[in-house]
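# Architecture at a glance
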Amino acid sequence: MQLKKTSSVRHALAAATCTLLGSVTQVSHAEEDHTEWEFDSAVLFYSEPDRVSAVEPVINARREIGDDENINLRLTLDTLTGASANGAVATDKVQTFTRPSGNGSYTAQPGETPLDDTFKDTRVALSGSWEKPLSQMIRSNLGASVSKEFDYLSLGVNGLLSYDLNNRNTTLQTGLSFASDTIDPEGGIPIPFASMGEVGEVQPRQEGTEDKNTVDLLLGVTQVIDKNTIGQLSYSFSNSSGYHTDPFKLLSLVDGDNGETLDYVFEERPDERQKHSLYGSVKHHFTNDIAEASYRFYTDDWGIDSYTLDLKYRKNLGKERYLE
């Protein structure tokens, strides 16, 4: 199953709960200092009772290859196990569902959210970037990534330009990225709104793969307000086209009069989606501590609006420890 289904949860938790394991620096015997490799590693452990558990180790390598020029490499391994909601609604009766392969089934007891208890997947992701100054005031960052799961392949490229002005107190940024995804789910591509078949029957699925392409645009400005305060404002736009449907999700067809479930059908989502996001933050450095406030507004043409306010305070407890 696709790890894409839980990517927003995973990345939000990773930002808050990643535990630094340590860093190791490998020194080359070359004479130039910028030939050194620097390594950092981190790991995320996450678990929901009776639901999904995740383990995500990350290794990052950085090497300076010239004046203000460096390359970065990152390797990520995701492992998810446990139970995942299949999309059907809970009822007052026992419900039985056919697995995507058509060769097995699982049940949900009365009042329980239907869960597929064989949810399991592993994702390996490799990304790299090359940061290089183009002039005294302009910097570039070019990157590429590849992510592979059992039934999902994602390839991406990205670029970012940064321009300093106002005595380097103001930085303007513009970025563009492109991603191409290929989906090849277990059991095949479900036919939209077709009824789930019984165990052992030929399921309403078809052979082949589906594709999705995503283009993202970023515009941003960072401003030094005073010697202890910095602010940031950015706008991002995303346009995706292709297969957005989750091939493992079902819909319950319910009788509006008595609430009885009449059938289970495969879902279908629109093949186009546009997203807009506006983000602003202010960070202030006190004598020893740091405070940060940020706000994010998100909207898309699927009718979803999101408002996120984030407040952080970092209390330094010495040169090597802090509490945030």
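What counts and how
- Each chain has its residues counted from 1, following the order in which its sequence is written.
- Side-chain atom pairs in this predicted model are given and counted only at pLDDT of 80 or more, local residue features only at pLDDT of at least 70, and totals for whole chains, interfaces and linings cover all residues.
- Note that the side-chain values use all heavy atoms of the structure and ignore hydrogens as well as water.
- Only one rule defines a salt bridge in this text: a Lys or Arg side-chain nitrogen within 4 Å of an Asp or Glu carboxyl oxygen.
- Helix and strand definitions here come from DSSP, where helices need a minimum of 4 consecutive H or I residues and strands a minimum of 2 consecutive E residues; each element is numbered from the N-terminal end.
- Per-residue accessibility, obtained with a 1.4 Å probe over protein chains only, is compared with the maximum for each type, and a residue is labelled buried under 20%, exposed over 50%, and partly exposed between these values.
- The patch calculation keeps residues exceeding 30% relative accessible area without a salt bridge and links them within 9 Å when they carry like charges or within 5 Å when they are nonpolar (Val, Leu, Ile, Met, Phe, Trp, Tyr).
- Working definition of accessibility: Shrake-Rupley area with a 1.4 Å probe, residue cover restricted to the visible protein chains.
- None of His or the chain ends enter the tally, which takes Lys and Arg as positive and Asp and Glu as negative.
- Each charge is placed at NZ for Lys, CZ for Arg, CG for Asp and CD for Glu.
- Should any heavy atoms of two residues lie within 4.5 Å, those residues are considered in contact.
- Two strands form a pair only when DSSP identifies at least two bridges running between them.
- Pairing of aromatic rings covers Phe, Tyr and Trp, the last counted by its six-membered ring, and requires centre-to-centre distances within 6.5 Å; plane angles under 30 degrees mean stacked, over 60 mean edge-to-face, and any other angle means tilted.
- Each ring is checked for a lysine NZ or an arginine CZ that lies within 6 Å of its centre and within 35 degrees of its normal; such an atom marks a charge sitting over the ring.

### Looking at the pattern of salt bridges
The final tally for this structure, using the stated rule, is ten salt bridges. A salt bridge links R123 to D78, with the nearest nitrogen and oxygen atoms 2.5 Å apart. Taken as a pair, R123 in strand β7 (residues 115-133) and D78 in strand β4 (residues 69-85) lie far apart in primary sequence, 45 residues in all. Overall, the relative accessible area of 10% leaves R123 in the buried class. On the basis of relative accessibility, which here comes to 1%, the residue D78 falls in the buried class.

### Notes on a nonpolar patch on the surface
A grouping of I59, L75, L77, V124, L126, V146 and L155 is seen on the molecular surface, where their side chains present a nonpolar patch of about 550 Å² in accessible area. Among the secondary structure elements, those contributing two or more residues to the nonpolar patch are β4 and β7. When you line up the elements, L77 lands in strand β4. The class of L77 is partly exposed, set by a relative accessible area of 34%.

### Considerations on the environment of E38
The residue E38 is located in strand β2 (residues 37-47) in this model. A relative accessible area of 38% places E38 in the partly exposed class. When the C-alpha atoms of E38 and R62 are compared, they prove to be 5.1 Å apart, with 24 residues separating the residues in sequence.

### As for a negative patch on the surface
Among the surface-exposed residues, E38, D40, E64, D67 and D68 lie close enough to one another that they form a single negatively charged patch. Summarising the element assignment, D67 is placed in the loop between β3 (53-66) and β4. On the basis of relative accessibility, which here comes to 68%, the residue D67 falls in the exposed class.

### As for the environment of L142
Within the fold, L142 resides in strand β8 (residues 138-148). Between the C-alpha atom of L142 and that of N158, which follows or precedes it by 16 residues, the distance is 5.9 Å. Apart from the residues within four sequence positions on either side, L142 is in contact with G128, S129, W130, N158 and G159.

### Focus: the pairing of β3
Two elements, β2 and β3, share eleven bridges in a ladder whose sense is antiparallel. In the strand pairing of β3, Y46 is matched with A54. Adjacent in sequence and paired antiparallel, β2 and β3 are bridged by five residues, among which D50 carries a positive phi angle near 65 degrees. Two strands pair when backbone bridges link them, and β3 and β4 are joined in this way by eleven bridges, in the antiparallel orientation. Residue pairing in the sheet places N60 in a bridge with R74 of β4. What sits between β3 and β4 in their antiparallel hairpin is a turn of two residues, with D68 showing a positive phi close to 60 degrees.

### Describing the packing of aromatic side chains
Applying the stated rule across the entire model yields five aromatic pairs. Feature note: the residues F97, Y106 and Y264 constitute an aromatic cluster, connected by ring pairs. In this arrangement the basic side chain of R273 is found over the ring face of W302, its NZ or CZ atom lying 4.0 Å from the centre. A cation over an aromatic ring shows up here: R314 above the ring of Y322, its NZ or CZ 3.6 Å from the ring centre.

### Topic: the side chain of T76
Inspection of the secondary structure puts T76 in strand β4. Beyond its immediate sequence surroundings of up to four residues, T76 is in contact with E56, P57, V58, R123, V124 and A125.

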